[in-house]
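Chain by chain, the residues run as shown.
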Amino acid sequence: MKKRKKIVATLALALMTSLAVNAQSKDSNAEFGVKGGVNFSNMYTDDVDDENVLTSFNAGVYAKLPLSDAIAIQPELLYSRKGAELVYNNALAEGTAKFKLNYIELPVLLKVNITNSFNIHAGPYLAYLVDAQVTNETESGTFDFEDNYNNDDFNKFDYGLSAGVGLDFEAIGIGLRYNYGLQTVGKEREFAGTTYTIPDGKNSNLSLYLALRLN
């Protein structure tokens, strides 16, 4: 398991490094930089009594590869924590659980400059679950999430769509982006002849980020 995580991380880092080096060698306008920010994440699901936003972080690197003066391709490699606090009250589970899901995420975005500084961007993302942390947030629940859940109970890969807006200046940029997940976070499980999925939801994440150009 640990070896597979290291392989995925190494391949993703090698891809980003290769793109950045290739872009800089072909086009002096290509950019390479670091970025990070705050995540406000949740899961969209109907299988809970309540859901609360998890505030966390994202950080990583990016390469901006111009196609023209107004259009560029921007791949990124991010470490991003998503998740939610979900309240259950049904026949299978009663209690509150906080899910912290740590992903290595690779968005590939089409970036369009509306003005010299203002841009919109959109594209797909693929993410790999490095680690999942589950904690009980109440002592009165009938279901112990901490003892019953580990990394193998979650889908390793997440994918979805990203879209956002940004302001780019000479050396820094700021932006707001939304990620809409298309993969269910939890895997199917069986209890007393009943099949269920916890969490039976998909990632929903709003990010506020700051980018720093390095070249």
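Student: What's the story with the side chain of Arg177 in this structure? I'm lost.
Tutor: Examined against the element boundaries, Arg177 turns out to sit in strand β8 (residues 172–184). At 2.9 Å, the side chain of Arg177 and the side chain of Glu76 are in polar contact.

Student: How should the confidence of the model for the protein chain be read in this particular structure?
Tutor: Interpretation of this model should avoid reading the predicted coordinates in detail wherever pLDDT is low. Looking at the protein chain as a whole, the pLDDT averages 84, with 79% of positions reaching at least 70. Of all the helices and strands in the protein chain, helix α1 (residues 2–26) carries the lowest mean pLDDT, 51, while strand β7 (residues 157–168) carries the highest, 97. For residues 23–27, every residue scores under 50 in pLDDT, and the model assigns this stretch six contacts once sequence neighbours within four places are set aside.

Student: Sorry, what's going on with the pattern of salt bridges here?
Tutor: Pairs can form between side chains of opposite charge once their charged atoms are near each other. Summed over all chains, the structure comprises six salt bridges. Among the ionic pairs, Lys64 bridges to Glu31, the shortest N-O distance being 3.9 Å. Here Glu31 lies in strand β1 (residues 31–44) and Lys64 lies in strand β3 (residues 54–66), a separation of 33 residues in the sequence. When sorted by exposure, Lys64 lands in the same class as Glu31, which is buried. The salt bridge partner of Lys35 is Glu76, with a shortest N-O separation of 3.5 Å. One end of the pair, Lys35, is in strand β1; the other, Glu76, is in strand β4 (residues 71–89), and 41 residues separate them in sequence. The exposure class of Lys35 is buried, given its relative accessible area of 7%. Connected via shared salt-bridge partners are Glu31, Lys64 and Arg213.

Student: Hey, could you run me through the packing of aromatic side chains in this one?
Tutor: Centre distance and the angle of the planes are the two values used to describe a pair of aromatic rings. In the structure shown here, the tally under the stated rule is five aromatic pairs. The interplanar angle of 25° and the centroid separation of 6.0 Å between the aromatic rings of Phe57 and Tyr79 together place this pair among those described as stacked. On the criterion of sequence distance, the pair formed by Phe57 in strand β3 and Tyr79 in strand β4 is long-range, its members being 22 residues apart. Ring pairs connect the aromatic residues Phe99, Tyr149 and Phe154, which therefore count as one cluster.

Reading the values: rules and limits
- Residues numbered from 1 in each chain as written.
- Predicted model: local features only at pLDDT ≥ 70, side-chain atom pairs only at ≥ 80, totals over all residues.
- Heavy atoms only, no water.
- Helix = DSSP H or I, 4+ residues; strand = E, 2+ residues; numbered from the N terminus.
- Polar contact = N/O pair within 3.5 Å; in protein donor to acceptor, adjacent residues only side chain to side chain.
- pLDDT = per-residue confidence, 0-100.
- Contact = heavy atoms within 4.5 Å.
- Salt bridge = Lys/Arg side-chain N within 4 Å of Asp/Glu carboxyl O.
- Buried < 20%, exposed > 50% of the residue type's maximum accessible area, 1.4 Å probe, protein only.
- Phe/Tyr/Trp six-rings, centres within 6.5 Å; stacked < 30°, edge-to-face > 60°.

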